[in-house]
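Read off the chains here:
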Amino acid sequence: MSGSDERAVSLGDRSVRAKAVIVFLAIMLAGVMLFSLTSGASNASAFSVLRELWAGAGDDALSARDRIIVYDIRLPRVILGALIGAALAVSGAVMQGLFRNPLADPGLVGVSAGAGLGAIVVIVLGGTMLQPLTALLGIYLLPLAAFGGGLATTLLLYRVATRRGQTSIATMLLAGIALGAIAGAFSGLLTYIADDRQLRDLTFWGLGSLAGATWMKIASAGPIIALALVAAPFLARSLNALALGEATAGHLGIPVQRMKNVAIVTVAAAVGASVAVSGGIGFVGIVVPHVLRLSIGPDNRYLLPASALLGASLLILADAVSRTIVAPAELPIGIITAAVGGPFFLWILLRKRGIVDL
Amino acid sequence: MIEAQDISISIGGTRIVSNVDFSVRAGEFVAIVGPNGSGKTTFLRALCGDLPFSGAMRLDGDDMLAMKPWEAASVRGVLPQSTTLTFPFTVREVVKLGLLAGRSGASRTDEKRLPELALARVDLAGFAGRFYQELSGGEQQRVQLARVLCQVWAPVLDGKPRYLFLDEPVSSLDIKHQLIIMDIARDFARSGGGVVAVLHDLNLTSMYADRIFVMHKGRLAASGTPSEVLTDVLIEQVFDCRLRVGVPPHGNMPFVLPQTAY
């Protein structure tokens, strides 16, 4: 009798399952990181890499060459992949909550394009017109510029799509396309005036890649991303309330305007910094939260950390594929996430048409 | 006591509500009625703090505009006309959002089961595991009321009355559930809370309301007890419809009044 009572109480409560999924995802991330550290052209074994990481440089578990490969090439790549995957997935989840729309994604609504423009400006003009800024900000100029571009686009998008406290979904998507086009036009113009060396940088950067991952890049973009990832969980309760609409969220005691500002800055920071170091990596922001909502529900207290973990795992895996599938050459990671994400997105649309049209 | 004086509201340059005086006391069920477009919902939205207005609005003497969102949330719950969700929340998850406001006022043991208790109140026991989007409009409306009840479960907290603002709470409900929901609102008032409801059904209004505020073209046309307000003259004036109050129809045409519920 009491057993059935307990079941009645837990009906519709997915928090236990959500916690289990988060634990599983955390373990998976650890596994994926180890896999990625040990896979590639050099075949350092999982065991010896673990022993090396545990014992430090004093141990002889790895050869000097393997040690360089693990420490200076693979480890920064894995860490950057984890940071960016988490940032993109969490940004997607936050934007979807903010716009109350499962289709919102930094890549779709022009935020990535805006961040990209910020980055391209620095790549092309950093040595000439923006020389004083380059001298002042050094390695932080690129992520900051991308952050600024992303922030400006997100703010504009929100301004255009929101009227009398109501965010119009159709307006948002259309405005996103328009803003993306504008950013694209300026990016094109800059590409047109770029010299050969800058062009090569731009092309590879635009396709999205973790290939250039260095400790330096982690030092420049890492803090911004980390800050955004730390801020995101504090938005969870407010985003849950926002699912009921802005007015109702306010009635529940949420300071809606302040919360929206924090969310916008968080998304812009995470996306901007990610775009700055890795270019346009598409579809992580829309695929990851969607998969998770199907399994643990839309409660952001669980959705945000789970998105971070799954996004990190996915990007590290995609990166591992990108550098082994055509080894010793590398495929830009954006090609892989788009090749997997595109069809998946279509599948979601086909499956969810009923609910989307409800 | 909530007291509003000389409230005027404009949206986009158009004056929607003009010079309305309004009050609701603890223990009182107040209904706002009026034809479509008379400014009822607009006035309620200003009362909730969603719209800017001119005039004074006070809760127990304190300016309501100065209240922080969380302070307001601890003294009143608001039920909108309808709520659509874009994410697949379960019914329980929606109802539990009412606890976000933080002060249900329920006992510690009740608080854990509050979503279930609230769902049982609105006659939706056993619906906790269903998806909100799969429910009918009337069921969704009751889920939202259960959520609001979680927010202000105790009609009185720290010795102070709390309020329910309901915007057409029974408009999409069948007669049985209309009565259930109106009973919940009346019980809330009887237990020391205050209730403000925008209503369309004049019979239910007459049956449950202690006082009625009648709005017409953005102005207050009348206020008072049901027998003071609901007259042939006023209904013709305000609703532009010639009706007789308290007169059964000619012949044998059946009619059903909620007042006859037993």
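Residues numbered from 1 in each chain as written. Chains lettered and ligands numbered in written order. Predicted model: local features only at pLDDT ≥ 70, side-chain atom pairs only at ≥ 80, totals over all residues.

This part is about the overall build of chain B. Helix and strand counts for chain B stand at 10 helices and 12 strands. Compactness check: chain B gives a C-alpha radius of gyration of 19 Å against a globular reference of 18 Å for 262 residues, within 12% of the reference. Projected onto the principal axes, the alpha-carbon positions of chain B cover approximately 50 × 50 × 35 Å. When the 262 residues of chain B are sorted by exposure, 44% land in the buried category. A separation threshold of at least 6 residues defines the contact pool for chain B, and within that pool the share at least 24 residues apart is 67%. (Helix = DSSP H or I, 4+ residues; strand = E, 2+ residues; numbered from the N terminus. Rg over C-alpha atoms; globule rule 2.2 N^0.38 Å. Buried ≥ 20, exposed ≤ 12 C-beta atoms within 10 Å, placed from the backbone. Contact = placed C-beta atoms within 7 Å.)

Further remarks concern the interface of chain A and chain B. Between chain A and chain B, the contact holds 28 residues from the first and 27 residues from the second. Of all elements in the fold, only helix H11 (236-242) and helix H12 (246-251) of chain A reach the threshold of two or more residues within the side of chain A that touches chain B. Residue contributions to the side of chain A that touches chain B peak at four residues, all from H12 of chain A. When the residues that make up the side of chain A that touches chain B are grouped by side-chain class, the tally is 13 nonpolar, nine polar and six charged. (Nonpolar A, V, L, I, M, F, W, Y, C, P; charged D, E, K, R; others polar.)

We now examine the sheet that holds strand S2 (residues 14-24) of chain B. Residues and elements named next belong to chain B. Pairing is antiparallel across the open sheet formed by four strands, whose spatial order is S2-S1-S4-S5. The strands lining the two open edges of the sheet, one partner per strand, are S2 and strand S5 (62-63). Pairing geometry for strand S4 (residues 54-59) and S5, over two bridges, is antiparallel. Bridged to Leu-59 within S5 is Asp-62. This element, helix H1 (residues 40-47), spans strand S1 (2-11), S2 and S4 of the sheet and lies at about 115° to S1. (Pairing = 2+ DSSP bridges. Axes fitted to C-alpha atoms, helices over the stretch in contact; angles between N-to-C directions.)

A word on the environment of Ile-16 of chain B. Residues and elements named next belong to chain B. With respect to the element layout, Ile-16 can be found in strand S2. Spatially, the C-alpha atom of Ile-16 lies 8.7 Å from that of Phe-43, the residues being 27 residues apart in sequence. Residue contacts for Ile-16: discarding those within four places in its chain leaves Ile-9, Ser-10, Ile-11, Gly-39, Thr-42 and Gly-218.

Residue and element names in this part refer to chain B. Bridge count for S1 against S4 is five bridges, and the pairing is antiparallel. Directly across from Ala-4, in S4, lies its bridge partner Met-57. Joining the antiparallel neighbours S4 and S5 is a turn of two residues, in which Asp-60 adopts a positive phi near 50°.

Counting 177 residues, the largest nonpolar core has Ala-87, Val-90 and Ala-273 of chain A together with Ala-185 of chain B as the members making the most contacts within it. Element by element, the count of residues in this core is highest for helix H4 (residues 64-98) of chain A, at 15 residues. Leaving out residues up to four positions away in the same chain, Ala-273 of chain A has contacts with Ala-87, Pro-143, Ala-146, Phe-147, Ala-221, Ile-224 and Ile-225 of chain A. (Core = buried A, V, L, I, M, F, W, Y, C linked by C-beta atoms within 7 Å.)

So, on to unusual backbone geometry. All names here are of chain B. Positive phi, normally seen in glycine, also occurs at Asp-6, with a value near 55°. With respect to the element layout, Asp-6 can be found in strand S1. Look at Lys-217: it is not a glycine, yet its phi comes out positive at around 50°. Tracing the sequence through the fold places Lys-217 in the loop between strand S11 (211-216) and strand S12 (219-224).

On to the packing of helix H5 (residues 111-125) of chain A against helix H7 (residues 141-161) of chain A. Residues and elements named next belong to chain A. Contact geometry for H5 and H7: axes closest at 7 Å, N-to-C directions at 145°. H5 and H7 meet at a crossing whose hand is right-handed. Counted together, Val-111, Ala-113, Gly-114, Ala-115, Leu-117, Gly-118, Ala-119, Val-121 and Val-122 of H5 and Leu-141, Leu-142, Ala-145, Ala-146, Gly-148, Gly-149, Gly-150, Ala-152, Thr-153 and Thr-154 of H7 form the full contact between these two elements. Broken down by class, the residue content of the contact of H5 with H7 amounts to 12 nonpolar, seven polar and no charged. (Left-handed = near helix turned anticlockwise from the far one by under 90°.)

All names here are of chain B. One open sheet accounts for six strands, arranged S6-S9-S10-S3-S11-S12; its pairing is mixed. Each edge of the open sheet carries a strand with a single partner, namely strand S6 (76-79) and S12. The mean inter-strand angle of the sheet, taken between neighbouring strand axes irrespective of direction, is 15°. Summarising the sheet, strand S9 (residues 163-167) and strand S10 (residues 194-198) pair through five bridges and their orientation is parallel. If you follow Asp-167 over to S10, its bridge partner there is Val-198. Those strands touched by H1 are strand S3 (29-33), S9, S10 and S11, and its axis lies near 145° from that of S10. Across the sheet, helix H6 (residues 137-151) touches S6 and S9, and the angle it forms with S6 is around 175°.

All names here are of chain A. On average, chain A scores 81 in pLDDT, and the residues at 70 or more come to 86%. Across chain A, the secondary-structure element scoring lowest on mean pLDDT is helix H1 (residues 2-10), at 45, and the one scoring highest is H11, at 94. Overall, residues 1-9 carries pLDDT values under 50, and its contacts beyond four positions in sequence, including any with other chains, amount to two contacts. (pLDDT = per-residue confidence, 0-100.)

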